[in-house]
Amino acid sequence: MAALIEPKVLKGFRDFLPPAEMIRRNLTEKIEASFRSFGFVPIDTPALEYAEILLGKGGGETEKQIYRFTDNGERDVALRFDLTVPFARFVALHQAELVFPFKRYHIGKVWRGENTQRGRYREFTQCDFDIIGSDSPAADFEILLIIHAVLLNLGLNVNIKINHRGLFNRFLSHIGQQENSVEILRTVDKLAKVGLAETQQSLAAIAGDTHAQKILAFIGADTCAAGTFDDTLNRITELSGGPSPESERLQQLRQWMQNVYGVNAGFTLDPSITRGLDYYTGVVFETFLTELPDIGSICSGGRYDNLAGLYSKSRISGVGSSIGLDRMIAALESLDRLPVAAGYTAAAIACLKQEHSGLYQALAQQFRQAGIPCEVFLEGAAAGTADHKQLLKQFVLAEKKGLRWVIIPGENPLQDTLTLRDLPTRQNHENLSVKAICSKIHQEI
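Every value quoted in this text rests on a predicted model; they were computed, and no experiment measured them.

A. Structural detail: the confidence of the model for the protein chain. Residues with a pLDDT of 70 or more make up 94% of the protein chain, whose mean pLDDT is 90. For the protein chain, helix α3 (residues 60–65) is the element with the lowest average pLDDT, namely 74, and strand β1 (residues 41–42) is the one with the highest, namely 98.

Set out below in structure tokens:
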């Protein structure tokens, strides 16, 4: 006899049992409904791409984390590490078929070979939404509105932190450090993870002690209390050499935030937000839970003015964001706000006689056509018998599956009246028609 293979799962990867997966699907459906309410449409792309597509401009950190290999056809391929780069390739390939500005959402799995932690895995689900083909600040603002709307719809209070990488680069140019901008931005991006002392040391190694102090002053790391949005904008505008298109865009976004949400808009201007990936060029943002900030950003993104230019001669501006579904679920669980797993079926047809299975399915069809999800239990009493113990077993089975109703057919399932068993109350409602049962279940739902 061959040796058994030990069933195991790779570190950072997970199986999802039905209760957990139903919660994930229900949350995903709510998120998707919010996307559609803003006029966004779905797309999909392959999980596997040519490595050159994904590595075109992901940055040094991406290369260390990407799952890359040579397939049986000797092709250099890799699993997508996010949904944004494949989207840029998608736009370049299908540009003539799209209507711009193009608003898309994409919910799918991505893979990164990084260290695992709470809410962070090597295989995880992202919920992306982008507007491409518009350089308008109105596009930036709509993405921010969606972030706010989606998370509010899920019962989460958030602080959306915003910055402008273009303004940061203008500041670096103003102090003569433009040539080190990529390294500086990546170093600042890690501030929350590594702390002020290590960030200062790294910046000094890149730009020198004097410039490191200036950079820390720009991002506000040397102050104990954060200023208001307007105070911070005035400060970084002055430090970057005065008013500019970048500071004016931030001012425009601030005005629109107040138009929609009033003074307490839930948005913060934070110059330390830079985003680690190289393709961001304009406004960037990260979203933190006000009640659980330590879990990190659960939704992040920004403007990438020429990402599609890696694959096309056309210059197409874009802005988008991504919700980390797994981190958001971890947050909801920590806050004890994870929704109860809701079953997909409302009722089941009891199987009293195995030989009537076809008739039970025909009966179930009537309920499904009336809008009531209904399954048929597959095992009943042996032919020619009526085993009541078997019926009790089916009640127990229905409760384990999270069902409320069991429909008990008569001797002739399609002609006799039916009995409706309410499992929580242990009550039977007898002599009912299909129509009457449908009416009762719809009223209860």
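B. Structural view of the pairing of strand β9 (residues 283–289). With seven of its seven residues buried, β9 lies for the most part within the structure. A two-sided burial pattern is seen for β9, the buried positions comprising Val283, Phe285, Thr287 and Leu289 on one face and Val284, Glu286 and Phe288 on the other. In this structure, strand β7 (residues 158–164) lies alongside β9, joined through seven bridges in antiparallel fashion. Of the residues in β9, the one forming a bridge with His164 is Val283. Relative to strand β10 (residues 299–303), β9 runs antiparallel, the two sharing four bridges. Bridge assignment links Val284 to a residue of β10, and that residue is Gly302.

C. Broad picture of the packing of helix α5 (residues 137–153) against helix α12 (residues 245–261). α12 packs onto α5 with a crossing angle of 45° between their chain directions and a minimal axis gap of 10 Å. Between α5 and α12, the interaxial angle falls into the category oblique. The crossing of α5 and α12 is right-handed. From α5, Pro137, Ala138, Asp140, Phe141, Leu144, Leu145 and His148 reach across to α12, where they touch Arg249, Leu253, Trp256, Met257, Val260 and Tyr261. Here the residues of the contact of α5 with α12 are counted per class, giving 10 nonpolar, one polar and two charged.

D. Main features of the environment of Gln415. Looking at where Gln415 falls in the secondary structure, it is placed in the loop between β14 (405–408) and β15 (418–422). When its relative accessible area of 67% is taken as the criterion, Gln415 is described as exposed. Sequence spacing of Gln415 and Gln394 is 21 residues, and the spatial spacing of their C-alpha atoms is 22 Å.

E. Molecular detail of the packing of aromatic side chains. By the definition in use, this model includes 10 aromatic pairs. Judged by centre distance (5.7 Å) and plane angle (50°), the ring pair of Phe141 and Trp256 falls under tilted. One end of the pair, Phe141, is in helix α5; the other, Trp256, is in helix α12, with 115 residues separating them in the sequence. On the basis of relative accessibility, which here comes to 22%, the residue Trp256 falls in the partly exposed class. Taken together, the aromatic side chains of Phe35, Tyr105 and Phe129 make up a single cluster linked through ring pairs.

Reading the values: the criteria
Residues numbered from 1 in each chain as written. Predicted model: local features only at pLDDT ≥ 70, side-chain atom pairs only at ≥ 80, totals over all residues. Heavy atoms only, no water. pLDDT = per-residue confidence, 0-100. Helix = DSSP H or I, 4+ residues; strand = E, 2+ residues; numbered from the N terminus. Buried < 20%, exposed > 50% of the residue type's maximum accessible area, 1.4 Å probe, protein only. Pairing = 2+ DSSP bridges. Axes fitted to C-alpha atoms, helices over the stretch in contact; angles between N-to-C directions. Parallel < 35°, antiparallel > 145°, perpendicular 65-115°, else oblique. Left-handed = near helix turned anticlockwise from the far one by under 90°. Contact = heavy atoms within 4.5 Å. Nonpolar A, V, L, I, M, F, W, Y, C, P; charged D, E, K, R; others polar. Phe/Tyr/Trp six-rings, centres within 6.5 Å; stacked < 30°, edge-to-face > 60°.

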